[in-house]
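# A closer look at the structure
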Amino acid sequence: MAQAPRFRKDAVAVPGEKHPVDETPPPLKTFTSGLQHVAAMYAGVVAPPMIVGPAVGLSAEDTAFLMGASLFTAGLATLLQTLGFWRIGAKLPFVNGVSFAGVTPMIAIGKDQGADAVPVIFGAIIIAGLLGFLAAPYFGRLVRLFPPVVTGTVITLIGVSLLPVAFNWSQGGNRNAADYGSVQNIGMAAATLLVVLLLRKLLRGFLQQISILLGLAAGTLAAIPLGMVDTEALRTADLVGFPAPFHFGAPQFQVAAIVSMCIVMLVCMTESTADILALGRIVDRPADARTIEGGLRADALGSALSPLFNGFMCSAFAQNIGLVAMTKVRSRFVVAAGGGILILLGLCPLAASVIGVVPLPVLGGAGIVLFGSVAASGIQTLAGAAMERGENALIVAASVGVGLIPIAAPDFYHAFPKDLLVVLDSGISTGCVAAILLNLAFNHLGHRRTGAAEGCPEPVPAQ
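Since the model is a prediction, treat every value here as computed from it, not as a measurement.

The rules behind these values
Residues numbered from 1 in each chain as written. Predicted model: local features only at pLDDT ≥ 70, side-chain atom pairs only at ≥ 80, totals over all residues. Heavy atoms only, no water. Helix = DSSP H or I, 4+ residues; strand = E, 2+ residues; numbered from the N terminus. Buried < 20%, exposed > 50% of the residue type's maximum accessible area, 1.4 Å probe, protein only. Areas by Shrake-Rupley, 256 points an atom, 1.4 Å probe, with all protein chains shown as cover. Contact = heavy atoms within 4.5 Å. Expected span 1.5 Å × (residues − 1). Bend = angle between axes of the 7 residues up to and from the residue. Polar contact = N/O pair within 3.5 Å; in protein donor to acceptor, adjacent residues only side chain to side chain. Core = buried A, V, L, I, M, F, W, Y, C linked by side-chain atoms within 4.5 Å. Patch = residues over 30% accessible without salt bridge, like charges linked within 9 Å, V, L, I, M, F, W, Y side chains within 5 Å. Salt bridge = Lys/Arg side-chain N within 4 Å of Asp/Glu carboxyl O. Phe/Tyr/Trp six-rings, centres within 6.5 Å; stacked < 30°, edge-to-face > 60°. pLDDT = per-residue confidence, 0-100. Axes fitted to C-alpha atoms, helices over the stretch in contact; angles between N-to-C directions. Parallel < 35°, antiparallel > 145°, perpendicular 65-115°, else oblique. Left-handed = near helix turned anticlockwise from the far one by under 90°.

## Notes on the overall build of the protein
Summing up its helical and strand segments, the protein has 20 helices and two strands in all. Every one of the 463 residues in the protein was classed for burial, and the buried ones make up 53%. In the form shown here, the protein has an accessible surface area of approximately 20100 Å², with 66% of it arising from carbon and sulfur atoms.

If you want it as structure tokens, here you go:
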């Protein structure tokens, strides 16, 4: 006779009872808790298209379209993770959204491709997603290439590489504008930053989770009497719309762009593996090999499907894992409700355009916190990377140095072949490759150490 699944609930297994992950809370609690997940991730979902759109030459209208499409595809990817089918999906309260890891490589592709940038980006994401889907069952063997010393370095570089975007926004965004870098612009950014920090300090619970959104709202209201708010995008946006497939044209496939996005896919899969393991511990359903495989398949499939609806690469949102730990609401159906809300927001261009009325200096002030928190997450990961060992400190030092080259010296590789610039102009890609190679050289080649000694994840047993 089959034994009922056991789970830990106050250290007592209750036969025949649903695991809290599979429970369905009352409708109102499901909706409000799902909305809280959306609030915690909303700014993170719309920020990448908000950065990439102008960087590749898209109009404000097309950028708003990208933001709506990103909300829609984040909802689809979240449903794949929470509800799942076959061997796709971790079936945990696992939120997926647009990955920050792809922002800098996509901007590098935009600099190289010009007007054709978006179709080339989408083509590269499709291939990277499909390869990730096929690699998911074998990824456990590659995880040893991404111990904390590597993943912490990469996540730190993601945050650091995005900070110049926030600084540019804080000055006004348009270097040719007469008020670029004015006291008014920088002052508004500083005021927004201060408001976000105060709200984060003073508020609690749900309101604390949406402190960045509240800061954006406060900054925008303060900017109205100063004439800094343009409501044109809001006035022209439709209430209902659908992200028409291939709005920017059929995807194009170029080798250099594909290589760059495949590196991003590996980074995303590594982050997701760590997040699945952490979430499994938080909800008392430890993740086994099949759970990780299903979660990575959902990541990769969501990423491969996203360009069909004009979205970018998807990966786990770690801030929502913290929300699960804080609220103790472990039902995956709550997060699935959040995915449904994201889809509805994506079908409402007006909702996506609301962010379009926020002045760039206000976004810049909030962006310093948002992007800085990504770098802080990387530093937190490095704290568990046995940095007292000299070789690990050296790996981080050299990899961060290589990764900062495109940020500190944008023309450093100007004499290199054009096809290589798509990878070289991305500090995330170059820093990731450097960290992997240096970790292999210092911690693997010529050494016989256990995974634990190297800071590698312990193998996950299959059930």
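Continuing now.
## Describing the environment of isoleucine 321
In this fold, isoleucine 321 is placed in helix 13 (residues 318-327). In this structure isoleucine 321 touches Phe94, Asp275, Leu279 and Ile282, once residues within four positions along its chain are discounted.

## Digging into helix 16 (residues 360-382)
Think of an α-helix as 3.6 residues a turn; residues three or four steps apart then line up on the same face. The end-to-end C-alpha separation of helix 16 is 32 Å, in line with the 33 Å expected for 23 residues at 1.5 Å each. The largest bend in helix 16 is about 35°, located at alanine 366.

## Things to note about the environment of arginine 285
Following the sequence through the fold, arginine 285 ends up in the loop between helix 11 (255-282) and helix 12 (289-305). The partly exposed category is assigned to arginine 285, whose relative accessible area is 26%. Along the primary structure arginine 285 and histidine 19 are separated by 266 residues, whereas in three dimensions their C-alpha atoms are 8.5 Å apart. With residues near it in sequence (within four places) discarded, arginine 285 still touches His19, Val21, Asp22, Lys91, Leu92 and Gly280. A polar contact is formed between the side chain of arginine 285 and the side chain of aspartate 22, at a distance of 2.5 Å.

## Thoughts on the nonpolar core
Phe100, Met261, Phe312 and Phe371 are the most contacted members of the largest nonpolar core, which totals 98 residues. With 13 residues, helix 11 is the largest single contributor of residues to this core. Once residues within four sequence positions are removed from consideration, phenylalanine 312 is found in contact with Pro49, Val52, Leu66, Ser70, Val98, Met106, Ile121, Phe122, Ile125 and Ser306.

## A look at a nonpolar patch on the surface
On the surface, Leu194, Leu198 and Leu202 cluster together into a nonpolar patch covering about 320 Å² of accessible area. As for its position among the elements, leucine 202 is in helix 7 (residues 183-202). Take leucine 202: its relative accessible area is 64%, and that puts it in the exposed class.

## Things to note about the packing of aromatic side chains
In the structure shown here, the tally under the stated rule is eight aromatic pairs. Aromatic side chains phenylalanine 72 and phenylalanine 242 sit 5.6 Å apart centroid to centroid with 75° between the ring planes, which places their arrangement in the edge-to-face category. Pair noted here: phenylalanine 72 is in helix 2 (residues 60-82) and phenylalanine 242 is in the loop between helix 10 (232-236) and helix 11, with a separation of 170 residues, a long-range link. Seen from their ring centres, phenylalanine 242 and phenylalanine 309 are 6.0 Å apart, and the 85° between their planes marks the pair as edge-to-face. In this pair, phenylalanine 242 sits in the loop between helix 10 and helix 11 while phenylalanine 309 sits in the loop between helix 12 and strand 2 (314-316), placing the two residues 67 residues apart along the sequence.

## Considerations on the confidence of the model for the protein
Any residue range with low pLDDT should be treated as having predicted coordinates unsuitable for detailed reading. Scored by pLDDT, the protein has a mean of 81; 87% of the residues are at 70 or more. For the protein, helix 20 (residues 451-454) is the element with the lowest average pLDDT, namely 44, and helix 4 (residues 117-135) is the one with the highest, namely 93. Scored below 50 in pLDDT, residues 1-13 makes 14 contacts in the model with residues more than four places away or belonging to other chains. Contacts for the low-pLDDT stretch residues 449-463, under 50 throughout, to residues beyond four places or in other chains number 27 contacts.

## Points about the pattern of salt bridges
The tally for this structure, following the rule as stated, stands at four salt bridges. Linking aspartate 284 and arginine 330 is a salt bridge whose minimum nitrogen-to-oxygen distance equals 3.1 Å. You can see aspartate 284 sitting in the loop between helix 11 and helix 12 and its partner arginine 330 sitting in the loop between helix 13 and helix 14 (332-346), a full 46 residues away along the chain. Looking at arginine 330, the relative accessible area reads 18%, which means it is buried.

## With respect to the side chain of serine 170
One can find serine 170 in helix 6 (residues 148-171). Each residue touching serine 170, except ones within four places of it in the same chain, is listed here: Asn185, Ile186, Ala189, Leu360, Pro361, Gly364, Gly365 and Ile368.

## Topic: the packing of helix 3 (residues 103-113) against helix 4
One way to put it is that helix 3 packs onto helix 4 with a least axis distance of 9 Å and a crossing angle of 135°. Taken as axis vectors, helix 3 and helix 4 run oblique relative to one another. Handedness of the crossing formed by helix 3 with helix 4: right-handed. Contacts between helix 3 and helix 4 involve Met106, Ile109, Gly110 and Gln113 from the former and Ala117, Val120, Ile121 and Ile125 from the latter.

## Description of unusual backbone geometry
Positive phi, close to 55°, is recorded for lysine 91, a residue that is not glycine. Within the secondary structure, lysine 91 is located in the loop between helix 2 and strand 1 (96-98). According to the relative accessible area criterion, lysine 91 is partly exposed, its value standing at 30%. Positive phi values are uncommon outside glycine, yet phenylalanine 246 reaches one of about 50°. Position of phenylalanine 246 relative to the elements: it lies in the loop between helix 10 and helix 11. Overall, the relative accessible area of 34% leaves phenylalanine 246 in the partly exposed class.

## Some thoughts on the environment of glycine 294
By the secondary structure assignment, glycine 294 is in helix 12. For glycine 294, a relative accessible area of 2% corresponds to the buried category. Note: C-alpha distance between glycine 294 and lysine 91 (203 residues apart in sequence) is 8.2 Å. Among all residues touching glycine 294, those that are not within four sequence positions of it are Arg87, Ile88, Gly89 and Ala90.

## Some thoughts on the side chain of asparagine 96
With respect to the helices and strands, the residue asparagine 96 is situated in strand 1. Within the local environment of asparagine 96, its side chain forms a polar contact with the side chain of aspartate 299, the two groups lying 2.5 Å apart. Apart from residues no more than four positions distant in its own chain, asparagine 96 is found in contact with Met41, Ala74, Ala77, Thr78, Gln81, Asp299, Cys314, Ser315, Ala316 and Phe317.

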